[in-house]
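# An overview of the molecular structure
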Amino acid sequence: MFKKDIAPSPKQKLKSSVQRSLRQSLLTTYPLLTPHIDEILPKKASLASMKLPDRNTLYVLDAEPLFYQQDGAAAIMPHLRLVHRFPQSFPTIRIDRGAIRFVLMGATLMAPGLTSKGGRLPVEGAAARLEDGREMDQGVDADGRWSRELHKGEPVVIMAEGKQEACAVGMLVCGTDEVKAKGKGPVVEDAHFLGDGLWKLAFD
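Here is what the cut-offs are and how they apply
Residues numbered from 1 in each chain as written. Predicted model: local features only at pLDDT ≥ 70, side-chain atom pairs only at ≥ 80, totals over all residues. Heavy atoms only, no water. Helix = DSSP H or I, 4+ residues; strand = E, 2+ residues; numbered from the N terminus. Rg over C-alpha atoms; globule rule 2.2 N^0.38 Å. Buried < 20%, exposed > 50% of the residue type's maximum accessible area, 1.4 Å probe, protein only. Contact = heavy atoms within 4.5 Å. Areas by Shrake-Rupley, 256 points an atom, 1.4 Å probe, with all protein chains shown as cover. Lys, Arg positive; Asp, Glu negative; His and termini not counted. Charge placed at Lys NZ, Arg CZ, Asp CG, Glu CD. Core = buried A, V, L, I, M, F, W, Y, C linked by side-chain atoms within 4.5 Å. Domains from an automatic or database assignment. UniProt positions renumbered as here; feature names shortened; annotations may be inferred. Disulfide = S-S within 2.5 Å. Buried area = accessible area lost by both parts, 1.4 Å probe. Polar contact = N/O pair within 3.5 Å; in protein donor to acceptor, adjacent residues only side chain to side chain.

Moving on to the overall build of the chain. When helices and strands are counted, the chain shows 7 helices and 10 strands. Computed over its C-alpha atoms, the radius of gyration of the chain comes to 17 Å, within 12% of the 17 Å expected for a compact globule of 204 residues. Once the C-alpha set of the chain is aligned to its principal axes, its extents read approximately 45 × 40 × 30 Å. When burial is assessed residue by residue, the chain has 48% of its 204 residues classed as buried. Considering only intrachain contacts with a sequence separation of at least 6, the fraction spanning at least 24 residues in the chain is 58%. Of the roughly 10500 Å² of accessible surface on the chain, a fraction of 51% belongs to carbon and sulfur atoms. The averaged location of the 25 negative side-chain charges in the chain is 3 Å from the averaged location of its 28 positive side-chain charges.

Take a look at the structure:
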């Protein structure tokens, strides 16, 4: 989605009502950010938006990119710089070493990169859904596996075998239970990845 370099566009300051709405949307989508939300989006912060290619909008606090959203899309997606600040706060899957170079070229992430020995999908027997009020009871285990199944249309962070920091973030085009069952087909398309235009975008 952001394979090419992006020229910065003018930033627009957002009304406080819009900021409150975005803050709530962020917490609804990523409940594990709750302990950090005042650090990410202080209540008196001056959040700004910037138009991106493909009808995307980037939200920036000072010179810090936080998240982006495509027009009409429900999901709010974290910028990788935000993921690197709070890595435990986002659902993750892990690709094997062989898939890294493809993901970092903007290729669609395919199931074999996750089902191989170096890949990590949610734990076997993971709950399909969390009970209401249990949103904070999720996370990654010592083996790098998320504690619940992830669903089609859900944002996901992509870790890589042997690497400490996330290499991409994108939207699941099929659920992790389906990936386990089929072992083939696309899993994440149009990811934002390290070194892409969004990552390299400079702010004044």
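Now that the structure is up, let's keep going.
This part covers the nonpolar core. Of all hydrophobic cores here, the largest spans 37 residues; its most connected members are Leu 26, Leu 47 and Phe 67. Elements with a minimum of two residues in this core: helix H1 (16-29), helix H2 (37-40), strand E2 (47-52), strand E3 (56-61), strand E4 (64-70), helix H3 (80-85), strand E8 (155-160) and helix H7 (197-200). Looking at this core element by element, the count peaks at 4 residues for E3. Per-domain counts for this core show at least three residues from each of domain 1 (11-84) and domain 2 (88-193). If sequence neighbours within four positions are ignored, Phe 67 has contacts with Leu 22, Leu 26, Leu 41, Leu 47, Thr 57, Leu 58, Tyr 59, Ile 76, Met 77, Pro 78 and His 79. Ranked by size, the runner-up nonpolar core spans 24 residues in total, among them Leu 32, Ala 99, Leu 121 and Val 187.

Glancing now at the UniProt feature "domain: Pre-PUA" (unreviewed entry) in the chain. Under the local residue numbering, the UniProt record ascribes the feature "domain: Pre-PUA" (unreviewed entry) to residues 2-87. A distance of 22 Å separates the end C-alpha atoms of residues 2-87, which is 28% helix and 28% strand.

This structure, assessed with the given rule, holds 0 disulfides. There is no disulfide at Cys 174, and the cysteine sulfur nearest it, in Cys 167, is 17 Å away.

Tracing the chain through its elements places Leu 32 in the loop between H1 and H2. Along the chain, Leu 32 and Gln 88 lie 56 residues apart, while their C-alpha atoms are 7.8 Å from each other.

On to the domain arrangement of the chain, then. Taken as a whole, the chain is organised into domain 1 (11-84) and domain 2 (88-193). Opposite the 18 residues of domain 1 that make contact, domain 2 presents 19 residues. Buried area between domain 1 and domain 2, summed over both chains or domains, comes out near 1500 Å², and the portion from carbon and sulfur atoms is 77%. Where domain 1 meets domain 2, there are 3 residue pairs in polar contact (both at pLDDT 80 or more). Going through the elements one at a time, strand E5 (77-78) and H3 are the ones with two or more residues in the side of domain 1 that touches domain 2. Sorting elements by how many residues they give to the side of domain 1 that touches domain 2 places H3 first, with 4 residues.

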